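# Summary of the model geometry
As a plain string of letters, each chain reads:
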Amino acid sequence: MRHFAALSLLMVLVLGLGLECQAASTAPAQTDAAMRPASPLAGAGQLVLVVAEDWNTTQARLRRFERSGPNAPWRPVGDAVPVSLGRTGLAWGRGLHGQQLSEAPVKKEGDGRAPAGVFSLPRAFIGPSESSGASPHFPVHQVTAQTVCVDGVASKHYNQLFEESTVAKDWDSEERMLRPDGLYRYGLFVDHNAPSVQSGAGSCIFLHLWRSPGAPTAGCTAMAEPDMLAVLGWLDAAKKPILVQLPREELVRLAPAWGALELAAK
């Protein structure tokens, strides 16, 4: 009887140890899953991908993607087209990805770099004489002589686009959206450094028309008019479109972690 009791006790200890080991082995996995950050692409059904060869190039390629659901693969829409970047290349911006994700330049006001990362695309803008050109499913701001985007870092309106007559002026520098050269006849506002605005982290970032093929910008992403119109006509606010703009090496590194391995293969 004593042998049976001892054997029973031994079995209880072994089973307990096994369950403890099993719990110990599964708990970290559950913790890791809980701690894993959400993909900055989550919730988006449309994606504008801009890929440069390195941080300092002024040229890149743009391609559109969409997907049918949150776990569906990204499918290309149309062909890749050339775009121009800032005159000094790219730097990490402030967006859906967080902030700096590697040792590389960080976007600052006046640095001539376009922001790298993942950004929402909240609205389009068109010139006062344009009928539309944008999708009926996407918000559009019609530019007037009063439309400005503030880049004065001391202003409480820094990095905001609005009609200047609607607020008390507290800035000494702005982008006037009605330009004589027509570069802002069609464009998109990029939610870099928004909605939580950090003074001096960069402002007034757009997708817009280029001055000429290959001509760099002050920090925006520019393209030919037919390509800009193709983007504007395709956008649907209900699909929560985003911009992913990265050097190729960063895209290859980050796309798998973001659940979008297919983007790195393009």
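Let me sum up the structure you'll find in this document. (Residues numbered from 1 in each chain as written. Predicted model: local features only at pLDDT ≥ 70, side-chain atom pairs only at ≥ 80, totals over all residues. Heavy atoms only, no water.)

### Re the overall build of the protein
Spelled out, the test is: Only runs of H or I of at least four residues qualify as helices and only runs of E of at least two qualify as strands under DSSP, and these elements are numbered from the N terminus. Exposure is judged per residue with a 1.4 Å probe applied to protein chains only, and the accessible area is read against the type maximum: over 50% gives exposed, under 20% gives buried, and values in between give partly exposed. Residue contacts follow a heavy-atom distance rule, with two residues in contact if any of their heavy atoms lie within 4.5 Å. Only the protein chains shown count as cover for residues, and the accessible areas themselves come from Shrake-Rupley with a 1.4 Å probe.
Secondary structure assignment for the protein yields four helices and 14 strands. Evaluated residue by residue, the protein yields a buried proportion of 46% over its 266 residues. Once local pairs closer than 6 in sequence are excluded, the contacts in the protein between residues at least 24 apart make up 62%. Accessible area of the protein: about 13,300 Å², with a carbon and sulfur share of 58%.

### Some points on the packing of aromatic side chains
Centre-to-centre distance and the angle between the planes together describe a pair of aromatic rings. Our working definition: Here is the rule: rings of Phe, Tyr and Trp (six-membered ring for Trp) pair when centre to centre is within 6.5 Å. Planes less than 30 degrees apart are stacked, more than 60 are edge-to-face, and the remainder are tilted. Geometrically, a charge over a ring is one whose NZ (Lys) or CZ (Arg) sits within 6 Å of the ring centre while staying within 35 degrees of the ring normal.
Enumeration over the complete set of coordinates arrives at six aromatic pairs. Centroid distance Phe125 to Tyr184: 5.9 Å. Interplanar angle 75 degrees. Geometry classified as edge-to-face. With Phe125 in strand S6 (residues 123–126) and Tyr184 in the loop between strand S10 (174–176) and strand S11 (186–189), this pair connects stretches of sequence that are 59 residues apart. Each member of the pair, Phe125 as well as Tyr184, carries the same accessibility label: buried. Of the aromatic side chains, those joined through ring pairs into one cluster are Phe125, Tyr184, Phe189 and Phe206. A cation over a ring is seen here: Arg179 above Tyr184, with NZ or CZ 4.8 Å from the ring centre.

### Describing the sheet that holds strand S8 (residues 147–150)
The following threshold applies: Strand pairing is assigned whenever DSSP detects at least two bridges linking the two strands. Working convention: axes come from line fits to C-alpha atoms, limited for helices to the stretch in contact. Angles between N-to-C directions cover 0 to 180 degrees.
As summarised here, the arrangement of the three strands in space is S9-S8-S10, forming an open sheet in which the pairing is antiparallel. Taken across any chain shown, the strands that pair with only one partner, and hence form the sheet edges, are strand S9 (161–163) and S10. Averaged over neighbouring strand pairs, the angle between their axes works out to 35 degrees when direction is ignored.

### Notes on the layout of surface pockets
What counts here: Here the term cavity refers to a set of points on a 1 Å grid, laid over the protein atoms alone, in which a 1.4 Å probe fits but cannot get out; the term pocket refers to an open set having protein on both sides within 12 Å along at least five of seven lines, with lining residues being those that place an atom within 4 Å of a point. Grid points are joined across faces, edges and corners, and a volume is the space filled by probe spheres set on the points. Classification used: nonpolar for Ala, Val, Leu, Ile, Met, Phe, Trp, Tyr, Cys and Pro, charged for Asp, Glu, Lys and Arg, polar for all others including Gly.
By volume, the largest pocket amounts to about 320 Å³. Around the largest pocket, the lining comprises 25 residues; the ones closest to its centre are Glu175, Thr217, Ala218, Gly219 and Cys220. A per-class count over the lining of the largest pocket returns 10 nonpolar, seven polar and eight charged.

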